[in-house]
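Chain residues, written in single-letter form:
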Amino acid sequence: MQELHDAPLAPLTTFRLGGPATRLVTATTDAEVVETVQRADAEGTPLLLIGGGSNLVIGDKGFEGTALRIATTGFALDGTALELAAGEVWTEAVARSTAAGLAGIECLAGIPGSAGATPIQNVGAYGQEVSSVLTEVLAYDRREHRTVTLSGAECAFSYRHSRFKAEPDRHVVLRVRFALADEGGLSAPIRYAETARALGVAAGERAPLEQVRETVLRLRAGKGMVLDPDDHDTWSAGSFFTNPILDEAGFAAFRRRVADRLGADTEPPAYPAGEGRTKTSAAWLIDKAGFTKGYGSGPARISGKHTLALTNRGAATTEDLLALAREVVAGVREAFGITLVNEPVTVGVEL
(Lines give C-alpha, C1' and ligand atoms only; values in the text may rest on other atoms or scores of the structure.)
Protein backbone atom coordinates (compact mmCIF):
# COMPACT_ATOMS: atom_id res chain seq x y z
CA MET A 1 0.00 0.00 0.00
CA GLN A 2 1.54 3.27 -1.15
CA GLU A 3 1.06 6.53 0.77
CA LEU A 4 2.03 10.00 -0.48
CA HIS A 5 1.56 13.43 1.05
CA ASP A 6 0.58 16.67 -0.69
CA ALA A 7 0.04 14.50 -3.77
CA PRO A 8 -1.33 15.89 -7.05
CA LEU A 9 -4.75 14.55 -8.01
CA ALA A 10 -5.12 16.08 -11.48
CA PRO A 11 -3.17 13.23 -13.18
CA LEU A 12 -5.63 10.75 -11.68
CA THR A 13 -8.64 12.35 -13.42
CA THR A 14 -9.65 12.37 -17.07
CA PHE A 15 -10.14 16.15 -16.87
CA ARG A 16 -6.54 16.49 -15.62
CA LEU A 17 -7.80 19.14 -13.21
CA GLY A 18 -7.71 19.72 -9.46
CA GLY A 19 -5.29 20.48 -6.67
CA PRO A 20 -3.41 18.10 -4.35
CA ALA A 21 -4.63 15.83 -1.57
CA THR A 22 -3.26 16.02 1.95
CA ARG A 23 -2.68 12.27 1.74
CA LEU A 24 -3.00 9.90 -1.20
CA VAL A 25 -3.21 6.18 -0.52
CA THR A 26 -3.12 3.61 -3.32
CA ALA A 27 -4.70 0.30 -2.29
CA THR A 28 -4.23 -2.84 -4.35
CA THR A 29 -6.27 -5.33 -2.27
CA ASP A 30 -9.75 -5.27 -0.74
CA ALA A 31 -8.18 -5.52 2.70
CA GLU A 32 -6.08 -2.41 2.05
CA VAL A 33 -9.15 -0.53 0.86
CA VAL A 34 -11.09 -1.43 4.01
CA GLU A 35 -8.11 -0.65 6.26
CA THR A 36 -7.70 2.82 4.74
CA VAL A 37 -11.40 3.59 5.03
CA GLN A 38 -11.52 2.43 8.64
CA ARG A 39 -8.46 4.50 9.49
CA ALA A 40 -9.89 7.65 7.95
CA ASP A 41 -13.24 7.15 9.65
CA ALA A 42 -11.61 6.48 13.01
CA GLU A 43 -9.54 9.65 12.71
CA GLY A 44 -12.50 11.70 11.47
CA THR A 45 -10.56 12.47 8.29
CA PRO A 46 -12.49 13.38 5.12
CA LEU A 47 -12.23 10.60 2.53
CA LEU A 48 -12.25 10.83 -1.26
CA LEU A 49 -12.53 7.65 -3.31
CA ILE A 50 -10.84 7.59 -6.71
CA GLY A 51 -11.15 4.84 -9.30
CA GLY A 52 -10.51 5.74 -12.91
CA GLY A 53 -11.12 9.44 -12.20
CA SER A 54 -13.49 9.73 -15.16
CA ASN A 55 -16.37 11.22 -13.21
CA LEU A 56 -14.60 13.69 -10.91
CA VAL A 57 -14.36 17.48 -10.88
CA ILE A 58 -11.87 18.37 -8.14
CA GLY A 59 -11.45 21.96 -7.00
CA ASP A 60 -8.24 23.86 -7.67
CA LYS A 61 -7.47 23.91 -3.94
CA GLY A 62 -7.46 20.13 -3.88
CA PHE A 63 -8.72 17.90 -1.09
CA GLU A 64 -7.97 18.24 2.61
CA GLY A 65 -8.07 14.67 3.76
CA THR A 66 -7.29 11.18 2.53
CA ALA A 67 -7.72 10.41 -1.16
CA LEU A 68 -7.99 6.65 -1.63
CA ARG A 69 -7.09 5.39 -5.09
CA ILE A 70 -8.67 1.97 -5.52
CA ALA A 71 -6.28 -0.03 -7.72
CA THR A 72 -7.49 -3.55 -6.95
CA THR A 73 -7.44 -6.18 -9.70
CA GLY A 74 -9.48 -9.26 -10.38
CA PHE A 75 -11.37 -10.61 -13.40
CA ALA A 76 -13.10 -13.95 -12.77
CA LEU A 77 -15.45 -15.83 -15.10
CA ASP A 78 -17.48 -18.83 -13.96
CA GLY A 79 -19.64 -19.86 -16.88
CA THR A 80 -21.63 -16.73 -17.64
CA ALA A 81 -21.06 -15.19 -14.19
CA LEU A 82 -18.49 -12.38 -14.11
CA GLU A 83 -16.89 -10.90 -10.98
CA LEU A 84 -14.74 -7.76 -11.20
CA ALA A 85 -12.63 -6.11 -8.54
CA ALA A 86 -13.55 -2.45 -8.11
CA GLY A 87 -10.24 -1.27 -9.53
CA GLU A 88 -10.47 -3.23 -12.79
CA VAL A 89 -10.34 -1.00 -15.87
CA TRP A 90 -13.86 -1.13 -17.27
CA THR A 91 -12.98 -0.94 -20.96
CA GLU A 92 -10.60 -3.88 -20.58
CA ALA A 93 -13.22 -5.91 -18.71
CA VAL A 94 -15.72 -5.33 -21.52
CA ALA A 95 -13.13 -6.42 -24.11
CA ARG A 96 -12.30 -9.59 -22.18
CA SER A 97 -15.93 -10.60 -21.59
CA THR A 98 -16.74 -9.99 -25.25
CA ALA A 99 -13.73 -12.04 -26.33
CA ALA A 100 -15.07 -14.85 -24.10
CA GLY A 101 -18.29 -14.79 -26.13
CA LEU A 102 -20.48 -13.31 -23.40
CA ALA A 103 -23.14 -10.68 -24.09
CA GLY A 104 -24.65 -8.01 -21.87
CA ILE A 105 -22.09 -5.21 -21.60
CA GLU A 106 -20.71 -5.02 -25.16
CA CYS A 107 -22.44 -1.66 -25.81
CA LEU A 108 -20.66 -0.22 -22.77
CA ALA A 109 -17.28 -0.49 -24.52
CA GLY A 110 -15.01 2.54 -24.34
CA ILE A 111 -16.53 4.03 -21.20
CA PRO A 112 -13.59 5.28 -19.13
CA GLY A 113 -13.24 4.50 -15.46
CA SER A 114 -13.18 1.50 -13.17
CA ALA A 115 -15.61 -1.35 -12.58
CA GLY A 116 -16.39 -0.17 -9.06
CA ALA A 117 -17.87 3.06 -10.39
CA THR A 118 -20.36 1.37 -12.71
CA PRO A 119 -23.07 0.62 -10.11
CA ILE A 120 -22.72 4.06 -8.52
CA GLN A 121 -23.80 5.87 -11.68
CA ASN A 122 -25.75 2.93 -13.11
CA VAL A 123 -23.49 3.43 -16.10
CA GLY A 124 -25.23 3.16 -19.44
CA ALA A 125 -24.78 3.90 -23.13
CA TYR A 126 -26.10 2.82 -26.51
CA GLY A 127 -29.13 1.05 -25.08
CA GLN A 128 -27.47 -0.88 -22.25
CA GLU A 129 -27.15 -0.19 -18.52
CA VAL A 130 -25.17 -2.18 -15.96
CA SER A 131 -28.32 -2.53 -13.84
CA SER A 132 -29.77 -4.95 -16.42
CA VAL A 133 -27.00 -7.52 -15.83
CA LEU A 134 -25.62 -6.68 -12.37
CA THR A 135 -26.49 -9.28 -9.76
CA GLU A 136 -24.53 -8.26 -6.64
CA VAL A 137 -22.23 -5.63 -5.22
CA LEU A 138 -19.76 -6.48 -2.46
CA ALA A 139 -19.12 -3.33 -0.45
CA TYR A 140 -17.79 -2.08 2.85
CA ASP A 141 -20.58 -0.42 4.84
CA ARG A 142 -19.08 2.53 6.73
CA ARG A 143 -22.19 2.90 8.87
CA GLU A 144 -22.36 -0.73 10.01
CA HIS A 145 -18.55 -1.24 9.94
CA ARG A 146 -18.76 -4.48 7.99
CA THR A 147 -18.59 -5.91 4.49
CA VAL A 148 -22.02 -6.47 2.95
CA THR A 149 -23.38 -8.06 -0.22
CA LEU A 150 -26.17 -6.11 -1.91
CA SER A 151 -28.42 -7.62 -4.56
CA GLY A 152 -29.18 -5.73 -7.74
CA ALA A 153 -32.63 -4.87 -6.37
CA GLU A 154 -31.10 -3.51 -3.15
CA CYS A 155 -28.94 -1.14 -5.23
CA ALA A 156 -32.13 0.84 -6.10
CA PHE A 157 -31.07 1.61 -9.64
CA SER A 158 -32.66 4.29 -11.80
CA TYR A 159 -31.41 6.53 -14.60
CA ARG A 160 -27.79 7.40 -13.72
CA HIS A 161 -28.62 6.86 -10.06
CA SER A 162 -28.39 4.26 -7.30
CA ARG A 163 -28.42 3.92 -3.52
CA PHE A 164 -24.64 4.46 -3.64
CA LYS A 165 -25.15 7.88 -5.19
CA ALA A 166 -28.02 8.65 -2.82
CA GLU A 167 -25.82 7.80 0.19
CA PRO A 168 -22.38 8.83 -1.07
CA ASP A 169 -20.58 8.46 2.26
CA ARG A 170 -21.88 5.04 3.24
CA HIS A 171 -20.70 2.25 0.91
CA VAL A 172 -17.29 1.59 -0.62
CA VAL A 173 -17.63 -0.79 -3.57
CA LEU A 174 -15.14 -3.67 -3.45
CA ARG A 175 -16.42 -6.10 -6.11
CA VAL A 176 -19.17 -6.18 -8.72
CA ARG A 177 -20.89 -9.30 -10.05
CA PHE A 178 -22.74 -9.70 -13.33
CA ALA A 179 -24.86 -12.34 -15.05
CA LEU A 180 -23.90 -12.24 -18.72
CA ALA A 181 -25.32 -14.41 -21.49
CA ASP A 182 -23.96 -16.89 -24.02
CA GLU A 183 -25.84 -16.12 -27.22
CA GLY A 184 -23.62 -18.16 -29.51
CA GLY A 185 -21.30 -15.29 -30.32
CA LEU A 186 -24.09 -12.76 -30.80
CA SER A 187 -24.85 -9.62 -28.82
CA ALA A 188 -27.83 -8.79 -26.70
CA PRO A 189 -30.68 -7.29 -28.76
CA ILE A 190 -29.62 -3.90 -30.17
CA ARG A 191 -31.83 -1.27 -28.54
CA TYR A 192 -30.24 1.98 -29.69
CA ALA A 193 -31.20 3.31 -33.13
CA GLU A 194 -27.79 4.82 -33.90
CA THR A 195 -26.04 1.55 -33.13
CA ALA A 196 -28.52 -0.45 -35.18
CA ARG A 197 -27.99 1.84 -38.17
CA ALA A 198 -24.22 1.59 -37.88
CA LEU A 199 -24.45 -2.21 -37.72
CA GLY A 200 -26.98 -2.46 -40.53
CA VAL A 201 -29.54 -4.33 -38.43
CA ALA A 202 -33.05 -3.58 -37.25
CA ALA A 203 -33.67 -2.48 -33.68
CA GLY A 204 -34.16 -5.55 -31.52
CA GLU A 205 -31.94 -7.78 -33.65
CA ARG A 206 -28.61 -9.21 -32.58
CA ALA A 207 -25.20 -8.84 -34.22
CA PRO A 208 -21.78 -10.46 -33.77
CA LEU A 209 -20.41 -9.52 -30.35
CA GLU A 210 -17.03 -8.21 -31.43
CA GLN A 211 -18.58 -6.25 -34.28
CA VAL A 212 -20.90 -4.55 -31.80
CA ARG A 213 -18.06 -3.67 -29.45
CA GLU A 214 -15.93 -2.27 -32.28
CA THR A 215 -18.88 -0.31 -33.68
CA VAL A 216 -19.61 1.27 -30.31
CA LEU A 217 -15.93 2.18 -29.90
CA ARG A 218 -15.97 3.82 -33.33
CA LEU A 219 -19.16 5.75 -32.54
CA ARG A 220 -17.77 6.91 -29.20
CA ALA A 221 -14.42 7.91 -30.70
CA GLY A 222 -16.22 10.04 -33.28
CA LYS A 223 -17.75 11.97 -30.40
CA GLY A 224 -14.51 12.28 -28.42
CA MET A 225 -15.77 9.79 -25.84
CA VAL A 226 -12.80 7.38 -25.95
CA LEU A 227 -9.74 8.51 -24.00
CA ASP A 228 -6.82 9.70 -26.11
CA PRO A 229 -4.01 11.68 -24.41
CA ASP A 230 -3.28 13.49 -27.68
CA ASP A 231 -6.89 14.59 -28.26
CA HIS A 232 -8.10 17.40 -25.99
CA ASP A 233 -11.69 16.60 -26.95
CA THR A 234 -11.30 13.55 -24.70
CA TRP A 235 -9.94 15.53 -21.72
CA SER A 236 -13.41 15.47 -20.23
CA ALA A 237 -15.77 13.49 -18.05
CA GLY A 238 -17.75 12.30 -21.04
CA SER A 239 -21.33 13.55 -20.80
CA PHE A 240 -21.19 16.46 -18.36
CA PHE A 241 -24.97 16.76 -17.93
CA THR A 242 -27.68 14.13 -17.53
CA ASN A 243 -30.66 14.04 -19.86
CA PRO A 244 -33.59 15.85 -18.16
CA ILE A 245 -36.66 13.82 -17.24
CA LEU A 246 -39.88 15.87 -17.14
CA ASP A 247 -43.39 15.21 -15.87
CA GLU A 248 -46.38 15.86 -18.14
CA ALA A 249 -46.81 19.49 -17.12
CA GLY A 250 -43.08 20.15 -17.37
CA PHE A 251 -42.83 18.61 -20.83
CA ALA A 252 -45.85 20.57 -22.06
CA ALA A 253 -44.26 23.81 -20.84
CA PHE A 254 -40.98 22.81 -22.49
CA ARG A 255 -42.70 22.20 -25.83
CA ARG A 256 -44.25 25.67 -25.68
CA ARG A 257 -40.80 27.20 -25.09
CA VAL A 258 -39.43 25.22 -28.03
CA ALA A 259 -42.24 26.43 -30.29
CA ASP A 260 -41.69 30.05 -29.24
CA ARG A 261 -37.95 29.86 -29.83
CA LEU A 262 -37.59 27.51 -32.79
CA GLY A 263 -40.99 27.52 -34.48
CA ALA A 264 -44.23 25.62 -34.12
CA ASP A 265 -43.05 22.81 -36.38
CA THR A 266 -40.06 21.97 -34.18
CA GLU A 267 -40.48 18.90 -32.00
CA PRO A 268 -37.85 18.31 -29.29
CA PRO A 269 -36.42 14.84 -28.67
CA ALA A 270 -38.77 12.84 -26.47
CA TYR A 271 -38.38 9.35 -25.02
CA PRO A 272 -40.81 7.61 -22.61
CA ALA A 273 -39.36 7.50 -19.09
CA GLY A 274 -42.19 5.73 -17.28
CA GLU A 275 -45.01 6.94 -15.01
CA GLY A 276 -46.09 9.74 -17.34
CA ARG A 277 -42.58 11.16 -17.60
CA THR A 278 -40.56 12.03 -20.68
CA LYS A 279 -36.80 12.17 -21.16
CA THR A 280 -35.33 14.74 -23.51
CA SER A 281 -31.80 15.30 -24.80
CA ALA A 282 -29.35 17.50 -22.89
CA ALA A 283 -27.11 17.66 -25.97
CA TRP A 284 -30.02 18.96 -28.07
CA LEU A 285 -30.87 21.58 -25.43
CA ILE A 286 -27.29 22.80 -25.27
CA ASP A 287 -26.98 23.05 -29.04
CA LYS A 288 -30.33 24.79 -29.56
CA ALA A 289 -29.53 27.25 -26.76
CA GLY A 290 -26.56 28.41 -28.86
CA PHE A 291 -23.70 26.40 -27.37
CA THR A 292 -22.47 24.55 -30.43
CA LYS A 293 -19.52 22.17 -30.82
CA GLY A 294 -16.25 23.91 -29.97
CA TYR A 295 -18.00 26.76 -28.14
CA GLY A 296 -15.72 28.91 -26.00
CA SER A 297 -12.55 30.92 -26.42
CA GLY A 298 -10.72 30.04 -23.22
CA PRO A 299 -8.85 26.99 -21.96
CA ALA A 300 -12.13 25.18 -21.17
CA ARG A 301 -14.48 24.67 -24.11
CA ILE A 302 -17.27 22.47 -25.37
CA SER A 303 -15.88 19.52 -27.29
CA GLY A 304 -15.46 19.96 -31.00
CA LYS A 305 -17.09 16.55 -31.44
CA HIS A 306 -20.03 16.54 -29.00
CA THR A 307 -21.95 19.34 -27.27
CA LEU A 308 -22.47 17.27 -24.12
CA ALA A 309 -18.77 17.14 -23.26
CA LEU A 310 -16.96 20.03 -21.58
CA THR A 311 -13.22 19.81 -22.10
CA ASN A 312 -9.86 20.99 -20.82
CA ARG A 313 -7.86 22.24 -23.79
CA GLY A 314 -4.64 21.69 -21.87
CA ALA A 315 -4.22 24.74 -19.66
CA ALA A 316 -7.58 25.02 -17.94
CA THR A 317 -8.28 25.26 -14.22
CA THR A 318 -11.30 23.79 -12.51
CA GLU A 319 -12.72 27.30 -12.19
CA ASP A 320 -12.42 27.74 -15.96
CA LEU A 321 -14.41 24.55 -16.43
CA LEU A 322 -17.06 25.53 -13.89
CA ALA A 323 -17.46 28.98 -15.45
CA LEU A 324 -18.24 27.34 -18.77
CA ALA A 325 -20.62 24.85 -17.15
CA ARG A 326 -22.49 27.65 -15.36
CA GLU A 327 -22.78 29.60 -18.61
CA VAL A 328 -24.30 26.58 -20.34
CA VAL A 329 -26.73 25.89 -17.48
CA ALA A 330 -27.88 29.53 -17.40
CA GLY A 331 -28.28 29.66 -21.18
CA VAL A 332 -30.36 26.47 -21.36
CA ARG A 333 -32.52 27.61 -18.44
CA GLU A 334 -33.16 30.97 -20.09
CA ALA A 335 -33.95 29.38 -23.46
CA PHE A 336 -36.07 26.42 -22.39
CA GLY A 337 -36.86 26.70 -18.68
CA ILE A 338 -34.92 23.53 -17.86
CA THR A 339 -32.05 23.39 -15.37
CA LEU A 340 -29.37 20.92 -16.40
CA VAL A 341 -27.82 18.72 -13.71
CA ASN A 342 -24.14 17.80 -13.80
CA GLU A 343 -23.30 14.11 -14.01
CA PRO A 344 -19.72 14.21 -12.61
CA VAL A 345 -19.16 14.34 -8.87
CA THR A 346 -17.81 17.67 -7.66
CA VAL A 347 -15.20 17.78 -4.89
CA GLY A 348 -14.63 21.02 -2.98
CA VAL A 349 -16.64 23.01 -5.54
CA GLU A 350 -20.25 23.45 -6.64
CA LEU A 351 -21.78 24.17 -10.00
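In what follows, the accompanying structure is described. (Residues numbered from 1 in each chain as written. Predicted model: local features only at pLDDT ≥ 70, side-chain atom pairs only at ≥ 80, totals over all residues. Heavy atoms only, no water.)

## What about the pairing of strand β11 (residues 134-141)?
By the criterion of burial, β11 is predominantly enclosed, with six of the eight residues buried. Of the pairings in the sheet, the one linking β11 to strand β12 (residues 146-151) comprises six bridges and is antiparallel in character. By the bridge assignment, A139 is partnered in β12 with V148. The hairpin turn running from β11 into β12, its antiparallel successor, is four residues long, and H145 in that turn takes a positive phi close to 60°. (Buried < 20%, exposed > 50% of the residue type's maximum accessible area, 1.4 Å probe, protein only. Helix = DSSP H or I, 4+ residues; strand = E, 2+ residues; numbered from the N terminus. Pairing = 2+ DSSP bridges.)

## With respect to the pattern of salt bridges
Counted by the stated rule, this structure contains 23 salt bridges. With its nearest N and O atoms 3.2 Å apart, the salt bridge here joins E3 to R39. With E3 in strand β1 (residues 2-8) and R39 in helix α1 (residues 30-43), this residue pair connects regions lying 36 residues apart in the sequence. Among the ionic pairs, E210 bridges to R213, the shortest N-O distance being 2.8 Å. (Salt bridge = Lys/Arg side-chain N within 4 Å of Asp/Glu carboxyl O.)

## Some details on the sheet that holds strand β15 (residues 245-246)
Strands sit in the order β15-β17-β16 across an open sheet of three strands; the sheet is antiparallel. Edge positions in the sheet fall to β15 and β16 (271-272), since each of these pairs with one other strand and no more. Taken together, the two bridges between β15 and strand β17 (residues 278-279) define a ladder with antiparallel strand orientation. Across the sheet, the residue bridging to L246 is T278, located in β17.

## Digging into helix α2 (residues 90-99)
Owing to its 3.6 residues per turn, the α-helix brings residues three or four apart onto one side. By the burial criterion, the buried members of α2 are W90, A93, V94, S97 and T98. Buried residues along α2 cover an arc of 130° about the axis, so they all sit on one side. The inward-facing, buried residues of α2 contact β6 (75-78), β7 (81-85), β8 (102-103), α3 (118-121), β13 (171-179) and α6 (209-222). Immediately beyond the C-terminal end of α2, within one or two residues, lies G101, with a positive phi of roughly 85°. (Arc of directions from axis to C-beta. Contact = heavy atoms within 4.5 Å.)

## A short note on the environment of E319
Inspection of the secondary structure puts E319 in helix α9 (residues 318-336). E319 sits 111 residues away from P208 along the chain, and the two C-alpha atoms are 44 Å apart. Contact partners of E319, with chain neighbours within four places excluded, come to D60, R326 and V349.

## Here we look at the side chain of S187
Residue placement: S187 occurs in the loop between β14 (181-182) and α5 (193-199). Sequence-distant contacts of S187, defined by excluding residues within four places in its chain, comprise A103, E106, R206, A207, L209 and V212.

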